[in-house]
Amino acid sequence: MDGAAGSGRHRALIGASDSELVDGTVAFVCAGLDAGEPVVVVCSDQTTQLLQQALPDRPQVIWTAWSDVYGNGPAAAITAVRRLGVRHRVAASPVVRVVLEPLPGSDPDSWREWQRYEAVLDHQLGEANRAGDDPLLVLCLCDTRRVPTPLVDAVRATHPVLQVDGHEQVNPDHVDPEEYLASLPVPLEPLESTQPLVHADSVRDLRGLRRDLAARAAEARLPSGSEPALEDFLLAVDEMTTNALRHGRPPVDLRLWAGGDRLVCTVTDHGAGLQDPFIGYGPAHGDDLSLGGMGLWLARQLCDHVDITVAGEGVQVRLTTVLR
């Protein structure tokens, strides 16, 4: 084995029965506990109950609510997973074992962010392992009865190691994370073929733009109770527009649409930035947010989708918030 695969830091356990999932997870958990390693389990209520029944004599296991990691969406979960290692690291062990159970749900529109989550986490664990500065050893559970087929395929493509019968095996279907991200298509957004609510070319005056965005959005007929989502969305738009003005090349153009079930905004500049496919999945300067560099990371936390594409001679960021 070599690279991330050799480390076994990012494993998947793919199963189609309770016994497959429980037996494999118990083997992973007990191996860690017997080695004196902290073990954190972040699973759905259903899986947690099964595991707790199978581990009645292992009080050392740290049971973490699924919503604590995944409640704010897959992009936010990447940071939450990394922080588990920081929070539970102990002096006696260089490793923190974590069992994760991502559950994407049945809406195909949400799946691409979960696919990205899998690839970014794969990349981050591999890079951290090569740098020797991350204690995480992760086992991701994939219940094929509950996970949609395209996302089972994503699991197979984004984990260099599979856990089979309690042992790790090199995964022959693993794809380089950067290559995998590049292969994911960015779907068309139907609203973009309609008249935008806000149409701003060569943006320079952010204060005037902010007032216009807020006023026009307030005039739109949005679903009742969508005000918090709107505020988060406008903050993300502000961050991306500011980012384009500071780091991109003019002109910076903005379009904003409000549909019955979603808000969409595109911010386009003519620079060559944002080429790193993993950009924005953590603050640019680490956990010290006072150093800045968190605009794209914040946008990923605030919006359901952040799609970055090459647009003519520049780069376009498309922000989407689904109004629930």
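Details of the structure are given in the entry above.
About the thresholds
Residues numbered from 1 in each chain as written. Predicted model: local features only at pLDDT ≥ 70, side-chain atom pairs only at ≥ 80, totals over all residues. Heavy atoms only, no water. Core = buried A, V, L, I, M, F, W, Y, C linked by side-chain atoms within 4.5 Å. Buried < 20%, exposed > 50% of the residue type's maximum accessible area, 1.4 Å probe, protein only. Helix = DSSP H or I, 4+ residues; strand = E, 2+ residues; numbered from the N terminus. Contact = heavy atoms within 4.5 Å. 1 Å grid on protein atoms, 1.4 Å probe; cavity = no way out; pocket = protein on both sides within 12 Å on 5 of 7 lines; lining within 4 Å. Points joined across faces, edges and corners; volume = space filled by probe spheres on them. Pairing = 2+ DSSP bridges. Axes fitted to C-alpha atoms, helices over the stretch in contact; angles between N-to-C directions. Phe/Tyr/Trp six-rings, centres within 6.5 Å; stacked < 30°, edge-to-face > 60°. Lys NZ or Arg CZ within 6 Å of the ring centre and 35° of its normal. Parallel < 35°, antiparallel > 145°, perpendicular 65-115°, else oblique. Left-handed = near helix turned anticlockwise from the far one by under 90°. Nonpolar A, V, L, I, M, F, W, Y, C, P; charged D, E, K, R; others polar.

Description of the nonpolar core
No. 1: Among the nonpolar cores identified, the biggest contains 39 residues, and V69, Y70, V98, L100 and Y117 are the most heavily contacted of them.
No. 2: Counting residues per element, this core draws most heavily on helix 6 (residues 111-131), at seven residues.
No. 3: Sequence-distant contacts of V98, defined by excluding residues within four places in its chain, comprise F28, V40, L84, L136, L137, V138 and L139.
No. 4: Among the nonpolar cores identified, the runner-up in size contains 31 residues, and A200, C265, V267 and C303 belong to it.

A short note on empty space enclosed by the protein
No. 1: The tally for this structure, following the rule as stated, stands at two cavities of 30 Å³ or more.
No. 2: Within this model, the largest cavity holds a volume of roughly 100 Å³.
No. 3: Lining the largest cavity, in full, are P102, P104, W114, E118, C140, L141, C142, V147, L151, A154 and V155.
No. 4: Looking at the lining of the largest cavity, the elements that each hand over two or more residues are helix 6, strand 5 (136-143) and helix 7 (149-158).

A few points about the sheet that holds strand 3 (residues 62-65)
Picture the strands of a sheet paired through backbone hydrogen bonds; they go either parallel or antiparallel.
No. 1: Read across the sheet, seven strands follow the order 3-2-4-5-1-6-7 without closing on themselves; strand pairing throughout is mixed. The two strands at the open ends of the sheet, each matched to only one other strand, are strand 3 and strand 7 (167-170). The sheet shows a mean angle of 25° between the axes of neighbouring strands, taken without regard to direction.
No. 2: Where strand 1 (residues 10-15) lies against strand 5, six bridges are found, and the strand directions are parallel. Each residue of the ladder has a partner; that of R11, found in strand 5, is L139.

Notes on the packing of aromatic side chains
No. 1: Across all of its chains, the model carries four aromatic pairs by this definition.
No. 2: Here a set of aromatic residues connected by ring pairs shows up, and it is made of W66, Y70, W114 and Y117.
No. 3: Just above the ring of F28 sits the side chain of R97; from NZ or CZ to the centre is 4.7 Å.
No. 4: Directly above the ring of Y281 sits R300, whose terminal nitrogen or CZ lies 4.0 Å from the centroid.

Things to note about the packing of helix 9 (residues 206-219) against helix 10 (residues 227-247)
No. 1: The geometry of helix 9 relative to helix 10 is characterised by a closest axis approach of 11 Å and an angle of 155° between their N-to-C directions. Relative to helix 10, the element helix 9 is oriented roughly antiparallel. Our pair here, helix 9 against helix 10, has a crossing hand that is right-handed. Residues L206, L209, R210, L213, A214 and A217 of helix 9 pack against L230, L234, V237, D238, T241, T242 and L245 of helix 10.

Some words on the layout of surface pockets
No. 1: In this structure, the second largest pocket occupies an estimated 630 Å³ of space.
No. 2: In terms of lining residues, the second largest pocket is bounded by 28 residues, among which N72, G73, C303, D304 and R324 are the most central.
No. 3: Contributing elements (two or more residues each) for the lining of the second largest pocket: helix 4 (66-70), helix 5 (74-88), helix 6, helix 10, helix 11 (295-302), strand 11 (305-311) and strand 12 (314-322).
No. 4: The element that contributes the greatest number of residues to the lining of the second largest pocket is helix 11, accounting for three residues.
No. 5: Of the residues assigned to the lining of the second largest pocket, the class counts are 12 nonpolar, nine polar and seven charged.

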